[in-house]
Amino acid sequence: MPDPIRSEAHPAARRAAAPVGAIAPGQLRRAGAARSGLRTWSRLHTWSSLVCTLFLLLLCLTGLPLIFHEEIGHWTGSEVEAPAMPSGTPRADLDAVVAAAMAQRPGEVVQYLIWEEDPDILRLSMAPSPTAPPTALTTVLVDARTARVLAEPRDREGFLYWMLRLHADLFLGIPGKLFLGVMGLLFVLAIVSGAVLYGPFARHGRFGTVRRGRSARLRWLDLHNILGVVTLSWALVVGATGVVNTLAEQVIALWRIDQLAEMIAPWKGQPPVAAPGSVQAAVTAAMAAAPGQEPFFVAWPQTMFTSPHHYGVFLRGDRPVTHRLLTPALVDAETGRLAALRAPPWYVQALLLSQPLHFGDYGGMPLKLAWGVLDLVTIVVLGSGLWLWLRRRREGRA
């Protein structure tokens, strides 16, 4: 975030401050307007930066290990891995997978069945009842080929869990997410205003200039501006997607009262299914209706992603470009017949695309490394901006 550009550092501001007798009246008016505009943008940049900087530093510091969460999990041994088996080993029946998880945790029911990035592992979210809140969920990992339980990972402890909670909601739940969303909007405003302030400086052939022989504050100002411009596009993408991610609960709630309500309208008022039928039949029916897609997760009846009468089978594309876009299918939990299939609205697609883009986890290790380097550079930009402001205040008092 470029620091407010003062008259000593900005050619346009110096011209605006030139002697009145050397400038024609029209030029004087234009210079005054330019100076007023720069002053407005400078104030916007200063205060939007100051309000959000400390929180953005926290998000950058906690986001760095989250970029490499899979690698950290493998390194620490907390990441569960499926045993090696011959290539082409057939997949187990999903009903057998569900039975294994329920035998592991007697008295509990399955709420969600999720396909991990490792295709040999299935994640099942268990709870005391179909309507239990997310805080009551426990996880069982099952081998997708043998239907044997691999582990019951403790998802709510450890270093990465604390980093994720700090990064996502500051341990404050939805209010914390919305607060961080506001900080993200201020961050975007700081980026845009900083680019506007640096524009006149760059247009006069000074782009990338670090002035030597001047004060340390001016050298850091130039470095701060250069690094801010270098990370401009990345910071805008990460900031904007972060804001979208903070609205996940609101987006899901809107989808439920909008499209999901329309899809389940014919079954409105019917009692919940007491004993859901074959989940394998439900997934097979959904995949048959959507060629070229594969399952991502299944929601059991009465959970938040479906109705009391249906399995919610969420499909995703089998190619990298469509792998993050989901298509919900509702399957009658008693008969195993497809009831509805509809592509999600634009606001759900925006959320689905923003999640992987925010952490850079859709392009393998090269993109993760790029995200990590840019994250570190952004930490320097944020820290130097705060230091420049403090230094300027000290000089002003002196």
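Everything numeric in this text was worked out from a predicted model, so none of it was measured.

Observations concerning the sheet that holds strand 3 (residues 138-143)
Move 1: On the basis of which strands lie adjacent, the open sheet formed by eight strands has the order 4-3-2-1-5-6-7-8 and antiparallel pairing. Looking at strand neighbours, the two that pair on one side only are strand 4 (149-151) and strand 8 (338-341), the edges of this open sheet. Going from strand to strand, the sheet's axes swing by 30° on average, the running direction of each strand aside.
Move 2: As paired elements, strand 1 (residues 109-115) and strand 5 (residues 293-299) share three bridges and run antiparallel to each other. Bridge pairing links leucine 113 to valine 298 in strand 5.
Move 3: Where helix 10 (residues 279-289) meets the sheet, its contacts fall on strand 1, strand 5, strand 6 (310-317), strand 7 (326-332) and strand 8, and the angle it forms with strand 6 comes to roughly 45°.

Looking at the side chain of serine 307
Move 1: Secondary-structure assignment places serine 307 in the loop between strand 5 and strand 6.
Move 2: Only 3.1 Å separates the side chain of serine 307 from the backbone nitrogen of histidine 309, close enough to count as a polar contact.
Move 3: Non-local contacts of serine 307, meaning those with residues more than four positions away in its chain, are made with Ile264, Pro301 and Gln302.

Some words on the environment of threonine 327
Move 1: Tracing the chain through its elements places threonine 327 in strand 7.
Move 2: Each C-alpha atom of the pair threonine 327 and proline 295 lies 9.4 Å from the other, and the pair is 32 residues apart in sequence.
Move 3: In contact with threonine 327, not counting residues within four places along its chain, are Gln293, Val313, Phe314, Leu315, Leu341, Arg342, Ala343 and Pro344.

Here's the deal with the pairing of strand 2 (residues 121-127)
Move 1: Most of strand 2 sits out of view: seven of its seven residues are buried.
Move 2: Side chains Ile121, Arg123, Ser125 and Ala127 of strand 2 all project onto a buried face; the interleaved residues Leu122, Leu124 and Met126 project onto the opposite face, where all are buried too.
Move 3: Examined bridge by bridge, strand 1 and strand 2 share six bridges and lie antiparallel to one another. Note that in strand 2 the partner of valine 109 across the bridge is alanine 127.
Move 4: The turn linking strand 1 back onto strand 2 is made up of five residues.
Move 5: Looking at chain direction, strand 2 and strand 3 are connected through six bridges and run antiparallel. Among the inter-strand pairings, leucine 122 is bridged to a residue of strand 3, identified as valine 142.

Quick look at the packing of helix 8 (residues 232-245) against helix 11 (residues 346-359)
Move 1: Following both chains from N to C, one finds helix 8 and helix 11 inclined at 130°, their axes separated by 9 Å at the closest point. Here helix 8 is positioned oblique relative to helix 11, judged by the angle of their axes. In terms of crossing hand, the pair formed by helix 8 and helix 11 is left-handed. Facing helix 8, whose interface residues are Val237, Val238, Thr241, Gly242, Val244 and Asn245, helix 11 presents Ala350, Leu351, Ser354, Gln355, Leu357 and His358.
Move 2: Of the residues contributing to the contact of helix 8 with helix 11, the split by class is six nonpolar, six polar and no charged.

Points about the nonpolar core
Move 1: Among the nonpolar cores identified, the biggest contains 29 residues, and Leu113, Leu124, Val279, Val298, Trp300, Tyr311 and Val313 are the most heavily contacted of them.
Move 2: Counting residues per element, the ones that place at least two in this core are helix 4 (94-104), strand 1, strand 2, strand 3, helix 10, strand 6 and strand 7.
Move 3: Setting aside anything within four residues of it in sequence, one finds tryptophan 300 in contact with Val98, Val110, Gln111, Tyr112, Leu113, Pro276, Val279, Thr306, His310 and Tyr311.
Move 4: In terms of nonpolar packing, the next biggest core, distinct from the first, is built from 19 residues, Leu56, Leu170, Leu180 and Leu382 among them.

What counts and how
Counting starts from 1 at the beginning of each chain's written sequence and moves along it residue by residue. Thresholds applied to this predicted model are a pLDDT of at least 70 for local features of residues and 80 or more for the giving and counting of side-chain atom pairs; totals over whole chains, interfaces and linings are not thresholded and use all residues. Note: side-chain values were computed over all heavy atoms of the structure, leaving out hydrogens and water. Two strands qualify as a pair provided that DSSP identifies no fewer than 2 bridges between them. Working definition: helices are DSSP H or I runs of at least four residues, strands are E runs of at least two. Numbering for both runs from the N terminus. Lines are fitted to the C-alpha atoms to define the axes, a helix being fitted only along its stretch in contact, and any angle between axes, read from their N-to-C directions, falls within 0 to 180 degrees. By the convention used here, residues are in contact when the closest approach between their heavy atoms is within 4.5 Å. What qualifies as a polar contact is a pair of N or O atoms within 3.5 Å, subject to a donor-acceptor requirement within protein and to the restriction that residues adjacent in sequence count only when both atoms come from side chains. Exposed residues in this analysis have more than 50% of their type's maximum accessible area, buried residues have under 20%, and partly exposed residues fall in between, with area computed by a 1.4 Å probe over protein chains only. Note that the term roughly parallel is reserved for angles under 35 degrees, roughly antiparallel for angles over 145, roughly perpendicular for angles of 65 to 115, and oblique for everything else. Take the far helix as the reference: if the near one is turned anticlockwise from it by less than a right angle, the crossing is left-handed, and if turned clockwise, right-handed. By the convention adopted, Pro, Cys, Tyr, Trp, Phe, Met, Ile, Leu, Val and Ala count as nonpolar, Lys, Arg, Asp and Glu as charged, and the other residues, Gly among them, as polar. Here, the term nonpolar core denotes a set of buried Ala, Val, Leu, Ile, Met, Phe, Trp, Tyr and Cys residues that are joined through side-chain atoms within 4.5 Å.

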